[in-house]
Amino acid sequence: LQSAPRGQGQIVGISGEVGIGKSRHAYEFRQILADKPVVYLEGQCVSYGTATPYLPVLDVLKTSWGITDTDATETVRERVEAALREVGMDPAAAGPYLLHLLGIKEGAERLQALEPNAIKARIFETLRQAWLARSRQQPLVLVLEDLHWIDSTSEELFASLAEILAGSRIFLLCTYRSGYQPPWIEKSYATQMALQPQVPAKS
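Residues numbered from 1 in each chain as written. Predicted model: local features only at pLDDT ≥ 70, side-chain atom pairs only at ≥ 80, totals over all residues. Heavy atoms only, no water.

Draft legend 1. Representation of the overall build of the chain within the structure. Regarding its fold elements, the chain presents six helices and five strands. Secondary structure elements in the chain, listed N-terminal to C-terminal, are β-α-β-α-α-α-α-β-α-β-β. Computed over the C-alpha atoms, the radius of gyration of the chain is 18 Å, within 12% of the 17 Å expected from 2.2 N^0.38 for a compact globule of 203 residues. Counting only C-alpha atoms, the chain reaches 70 × 35 × 30 Å along its principal axes. Looking at the chain as a whole, 45% of its 203 residues qualify as buried. Considering only contacts in the chain between residues 6 or more positions apart, those separated by 24 or more positions represent 75%. In the structure as shown, the chain presents an accessible area of about 10,700 Å², 50% of it carried by carbon and sulfur atoms. Here the chain holds 20 positive side-chain charges and 23 negative ones, and the gap between their average locations is 5 Å. (Helix = DSSP H or I, 4+ residues; strand = E, 2+ residues; numbered from the N terminus. Rg over C-alpha atoms; globule rule 2.2 N^0.38 Å. Buried < 20%, exposed > 50% of the residue type's maximum accessible area, 1.4 Å probe, protein only. Contact = heavy atoms within 4.5 Å. Areas by Shrake-Rupley, 256 points an atom, 1.4 Å probe, with all protein chains shown as cover. Lys, Arg positive; Asp, Glu negative; His and termini not counted. Charge placed at Lys NZ, Arg CZ, Asp CG, Glu CD.)

Right, here's the structure in full:
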């Protein structure tokens, strides 16, 4: 964590069996950050979400931007535009891709002429640039829980973020069950911590 603010992005993976304490470690880590000048973002993967593209990404965005499923379209647009302006990005250029990601058609009409792969590539680029820009303002801590349930699109997105993370002020923390291998864990700036069951002390 001390390396990230110096522009040396880091990735940490916490692996272990069910119930061994992965989430507890993530919770304790968040408490440590309570008095530190960092931006904290969190996303959750769920067992039924492996076939739903961008599910943990949407979790991150909605939580950080204060968006709920009951918000009116105009409210969502205003919050997306405000978030982009806050990091110095042009809402007119980047906004349509994030609105499309959030399921908002109004304001994203011009994307209808693009191929799905082109839209995906621009969504990836927009999110990477937004997170990088945010990290330049304050170190960014991004936590992803239960990565073993991540959908393939989100995994591809975070893998692409991992490629450019080394020279950033981003700290990426992931938890996942033993047996899952993040595609970025072999990076020189990635560390995996495998939690082991505690052996009862002999009486």
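Draft legend 2. Examining the packing of aromatic side chains more closely. Per the stated rule, a full pass over the model turns up four aromatic pairs. Consider the rings of tyrosine 54 and phenylalanine 124, whose centres lie 6.4 Å apart with planes at 90°: the pair is edge-to-face. Placement of tyrosine 54 in the loop between strand 2 (39-44) and helix 2 (55-65) and of phenylalanine 124 in helix 5 (residues 116-137) is noted, with a sequence separation of 70 residues between them. This pair shows no difference in class: tyrosine 54 is buried, exactly as phenylalanine 124 is. Ring centres of tryptophan 131 and phenylalanine 158 lie 5.8 Å apart, and the angle between their planes is 10°; this geometry places the pair in the stacked category. Residue tryptophan 131 is located in helix 5, and its partner phenylalanine 158 is located in helix 6 (residues 152-163); the two are separated by 27 residues in the primary sequence. By relative accessible area, which is 5% here, tryptophan 131 ends up buried. (Phe/Tyr/Trp six-rings, centres within 6.5 Å; stacked < 30°, edge-to-face > 60°.)

Draft legend 3. Quick peek at the confidence of the model for the chain. On average, residues of the chain carry a pLDDT of 91, and 97% of them reach 70 or more. In the model of the chain, helix 1 (residues 22-33) stands out as the element of lowest mean pLDDT, 84, in contrast to helix 6, which has the highest, 97. (pLDDT = per-residue confidence, 0-100.)

Draft legend 4. Representation of the sheet that holds strand 5 (residues 190-194). Judged by pairing direction, the sheet is parallel, and its five strands sit side by side in the order 2-3-4-1-5 without closing on themselves. What marks the edges here is a single partner per strand, and that holds for strand 2 and strand 5. Across the sheet, the mean angle separating the axes of adjacent strands is 15° when strand polarity is ignored. Here strand 2 pairs with strand 3 (residues 140-145) via six bridges, running parallel. Paired with glutamate 42 across the strands is valine 143, a residue of strand 3. Of the strands in this sheet, strand 2, strand 3 and strand 4 (170-177) are in contact with helix 5, which crosses strand 4 at around 120°. (Pairing = 2+ DSSP bridges. Axes fitted to C-alpha atoms, helices over the stretch in contact; angles between N-to-C directions.)

Draft legend 5. Representation of the pairing of strand 1 (residues 10-16) in the model. Of all seven residues in strand 1, six are buried, a share of seventy percent or more. In this structure, strand 1 lies alongside strand 4, joined through seven bridges in parallel fashion. Looking at the pairing, glycine 16 lines up with arginine 177 of strand 4. Both strand 1 and strand 5 contribute to a ladder of five bridges, which runs parallel. In the sheet register, valine 12 faces strand 5, and the bridge partner there is threonine 191.

Draft legend 6. Spotlight on the pattern of salt bridges. Counted by the stated rule, this structure contains eight salt bridges. Glutamate 42 is the partner of arginine 30 in a salt bridge, and the nearest nitrogen-oxygen pair spans 4.0 Å. Residue arginine 30 is found in helix 1, and its partner glutamate 42 is found in strand 2; the two are separated by 12 residues along the sequence. In this structure arginine 30 comes out as partly exposed when scored by relative accessible area, which is 42%. (Salt bridge = Lys/Arg side-chain N within 4 Å of Asp/Glu carboxyl O.)

Draft legend 7. Layout of the layout of surface pockets. The computed volume of the largest pocket comes to approximately 290 Å³. Taken together, 16 residues make up the lining of the largest pocket; nearest its centre are Ser64, Trp65, Ala83, Glu86 and Arg134. Taken together, the elements giving at least two residues each to the lining of the largest pocket come down to strand 2, helix 2, helix 3 (73-86) and helix 5. Element by element, the count of residues in the lining of the largest pocket is highest for helix 3, at five residues. (1 Å grid on protein atoms, 1.4 Å probe; cavity = no way out; pocket = protein on both sides within 12 Å on 5 of 7 lines; lining within 4 Å. Points joined across faces, edges and corners; volume = space filled by probe spheres on them.)

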